[in-house]
Amino acid sequence: MSELTVLVIGSGGREHALAWALSRDPGVRAVHCAPGNPGTSRVGTNHPLDPMDGAAVASLARSLASDLVVIGPEAPLVAGVADHVREAGIPVFGPSGAAAMLEGSKAFAKEIMEAAGVPTADARLCVSMDEVVTALDEFGPPYVVKDDGLAAGKGVIVTGDRDAALRHAAGCRRVIVEEFLDGPEVSLFALSDGRTVLPFEPAQDFKRVGDGDTGPNTGGMGAYTPLPWAPPGLVEDVVATVIQPTVDELARRGTPFVGLVYAGLALTSRGLRVVEFNARFGDPETQPLLTRLKTPLGRVLLAAATGTLADEPPLEWGSGAAVAVVLAAAGFGRESLVWLRRAADARPRDVELLLLLAQSCAATEQGDCARRFYGWAARLEPQNDAAQLGLGLEHLQQGQLDEARVALARAIRAGPGNPRAYEAAAQVERQRGRPPREFAALLQAAGRVARVEQRLEAQVQVAAAAGQTMLAALE
Ligand code: AMP
Ligand code: GLY
């Protein structure tokens, strides 16, 4: 077998586990990580990089003569970074932006499941508080309310408190209210080349922050594998009823899923149900799973990336058990903002840190805080398009249209490749009551940029739909 050079994108414990497993594969000659972390530097070579910058990822992969790129986290996948690498002619383990919507939009995942006949919780997509109230009362407690979008496991609440459910919904743009699923949860991963799938052994992770499974949800506090209590035939069942039909449905739509399908399942009293899909290796399940995987990892990831999984035998597993426990700073989760604030106090001119802080504020619906830190970053670095865009979006949300307009114009000037800036600018013009041709041009620009950039096809659709609605309203 040829000797592979593999580039792993990401900086977490999951990427350390991937790099570690790849470094033990005799068919892998070199492991590179970008940006990596102190753990990955012990099993490979780290390179500084913004994982969200598709062109930069493709260019690094080319300069390292990579035979395979493995993209760890969801945000770059949803942003279409794998598309850039694939277009550069380099095999990549990770779905296209369009296929990653399986994780990027819970509403899209529900649509795919419905089309493929995959069992999941009954759910209502709500865009107004009236709809939320109706749905909550229809399903009754315990209430399950989910933000429709990427939220790193923090966009969901499960609560018996109707007011808490309503408060959570009020902070989201589009909300999914669903039936409560009883029974234990299982995470099942499968490699997919777009047609053939190769399942892992199951694992279980624990999402609540506190001991004894208490407190708010996180992305995962610990995991173990195997699951001696799992019913026999579980893996075959999940492949046949969940994973294969989902992969087939995505292929049928012309957006084949190449990468890792993560099915989060509940084994309920009424049978198996999908809780969520992720479009990437789970964190922390990957860590214990890869310590038990005996099949060389590089080989099967390359087979998935190049469409030859049908030729691979089933994955082989060691007989032992493995556990991962996440060690986190006190206040992990929402309160990590406190830590970030302290870091920003200590390094007040660190724009990256300010942006991280601003994004964390925005993700936890703290608009004033987000605006302050975006504004601070934008003052330090007026050419920083992420800072200007964040600032513009926050002003827009508060109805501060003049301020939004200035910041968005700067965002477009500094980073003309981002369709969101045009969309937001168009929204500002509409709210300011400007003539339709002004923002129609902006929307066309958004669509054009999105197409040129080959980013999320969904973004083009959103821009086109928004444009039609706005024009219809003005005609
Ligand atoms: P999600 O982001 O959809 O994976 O949800 C995060 C966590 O919330 C899941 O791992 C479950 O622990 C819990 N959860 C989500 N949906 C439901 C549901 N319908 N019923 C019960 N618990 C749920
Ligand atoms: N451990 C849950 C996740 O990776 O989303």
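In case you missed it, the structure is sitting above this.
The rules behind the values
Residues numbered from 1 in each chain as written. Chains lettered and ligands numbered in written order. Predicted model: local features only at pLDDT ≥ 70, side-chain atom pairs only at ≥ 80, totals over all residues. Heavy atoms only, no water. Helix = DSSP H or I, 4+ residues; strand = E, 2+ residues; numbered from the N terminus. Buried < 20%, exposed > 50% of the residue type's maximum accessible area, 1.4 Å probe, protein only. Contact = heavy atoms within 4.5 Å. Areas by Shrake-Rupley, 256 points an atom, 1.4 Å probe, with all protein chains shown as cover. Core = buried A, V, L, I, M, F, W, Y, C linked by side-chain atoms within 4.5 Å. Expected span 1.5 Å × (residues − 1). Near = heavy atom within 4 Å. Polar contact = N/O pair within 3.5 Å; in protein donor to acceptor, adjacent residues only side chain to side chain. Axes fitted to C-alpha atoms, helices over the stretch in contact; angles between N-to-C directions. Left-handed = near helix turned anticlockwise from the far one by under 90°. Nonpolar A, V, L, I, M, F, W, Y, C, P; charged D, E, K, R; others polar. Salt bridge = Lys/Arg side-chain N within 4 Å of Asp/Glu carboxyl O. Pairing = 2+ DSSP bridges.

Visitor: An account of the overall build of the protein chain is needed here, citing residue identities and associated values.
Guide: The helix and strand inventory of the protein chain stands at 19 helices and 16 strands. Taking all 475 residues of the protein chain together, the buried fraction comes to 52%. Within the protein chain, residue pairs in contact and separated by at least 24 positions form 64% of the contacts whose partners lie at least 6 positions apart. Accessible area of the protein chain: about 21,200 Å², with a carbon and sulfur share of 52%.

Visitor: Please set out the nonpolar core residue by residue, giving values where relevant.
Guide: Of all hydrophobic cores here, the largest spans 49 residues; its most connected members are V69, V242 and I243. Here the element with the most residues in this core is helix α9 (residues 234-252); it accounts for eight residues. Filtering out sequence-adjacent residues up to four positions away, I243 remains in contact with L188, A190, V197, V238, V261 and A263. One finds A17, F189, L198 and L309 within the second-largest nonpolar core, a separate group that totals 35 residues.

Visitor: Now, about helix α15 (residues 385-397): what can you tell me, with residues and values included?
Guide: Under the 1.5 Å per step criterion, the end-to-end length of α15 is 18 Å for 13 residues, consistent within 8% with the ideal 18 Å. Residues A387, Q388, L389, G390, L391, G392, E394, H395 and L396 constitute the buried set of α15. Positive backbone phi, approximately 75°, marks G399, located one or two places after α15.

Visitor: How would you summarise the site of ligand 1 if you had to cite specific residues and measurements?
Guide: Every one of the 14 residues lining ligand 1 counts as a neighbour, but K146, E178, L181, E185 and E276 are closest to it. One of the side-chain N or O atoms of E178 is found 2.7 Å from a nitrogen atom in ligand 1. When ligand 1 is considered free in solution it has 470 Å² of accessible area, and contact with the protein chains removes 93% of it. Those elements that provide at least two residues to the shell around ligand 1 are β7 (143-147), β8 (156-159) and β15 (271-278).

Visitor: Could you give an account of the packing of helix α7 (residues 129-139) against helix α8 (residues 162-170), naming the residues involved and the relevant values?
Guide: Two measures define how a pair of helices packs: the angle their axes make with one another and the distance between the axes. Running from N to C, α7 and α8 point in directions that differ by 145°, and their axes come no closer than 11 Å. The interaxial crossing formed by α7 with α8 has right-handed handedness. Counted together, M129, V132, V133, L136 and D137 of α7 and R162, A165, L166, A169 and A170 of α8 form the full contact between these two elements. Here the residues of the contact of α7 with α8 are counted per class, giving eight nonpolar, no polar and two charged.

Visitor: How would you summarise the pattern of salt bridges if you had to cite specific residues and measurements?
Guide: Overall, the coordinates contain 21 salt bridges when judged by the stated rule. The partner of E138 in a salt bridge is R124, with the nearest N and O atoms 2.6 Å apart. Residue E138 is located in helix α7, and its partner R124 is located in strand β6 (residues 123-126); the two are separated by 14 residues in the primary sequence. A network of salt bridges, in which partner residues are shared, links E111, E249, R252 and R253.

Visitor: With reference to specific residues and values, describe the pairing of β7.
Guide: With respect to burial, β7 is a largely interior element, four of its five residues being buried. Across four bridges, the pairing between β7 and β8 is antiparallel. Counted as the bridge partner of V144 is V158 from β8. The pairing of β7 with strand β9 (residues 175-178) spans four bridges and is classified as antiparallel.

Visitor: Could you give an account of the side chain of T225, with specific residues and numbers?
Guide: The residue T225 is located in strand β13 (residues 214-225) in this model. A polar contact of 3.0 Å, which involves the side chain of T225, links it to the side chain of R292. If we skip the residues at most four places from it in the chain, T225 touches P202, A203, P288, L289, R292, A321 and A322.

Visitor: Could you give me a rundown of the site of ligand 2, with the residues and numbers involved?
Guide: Taken together, D205, K207, G219, Y262, N278, R280, G282, D283, P284 and E285 form the complete shell of residues around ligand 2. Contacts to ligand 2 include N278, whose side-chain N or O atom sits 3.2 Å from an oxygen atom. Starting from 190 Å² of accessible surface for ligand 2 in isolation, the protein chains cover 94%. Looking at the shell around ligand 2 residue by residue, the class counts come to two nonpolar, three polar and five charged.

Visitor: Which residues make up unusual backbone geometry, and what values go with them?
Guide: With omega at 0°, the peptide bond leading from T225 into P226 counts as cis. Take P226: it is sitting in the loop between β13 and α9. P284 follows D283 through a cis peptide bond whose omega is 15°. Turning to its location among the elements, P284 is positioned in the loop between β15 and α10 (286-292). A positive phi angle is found at A65, which is not glycine, with a value near 55°.

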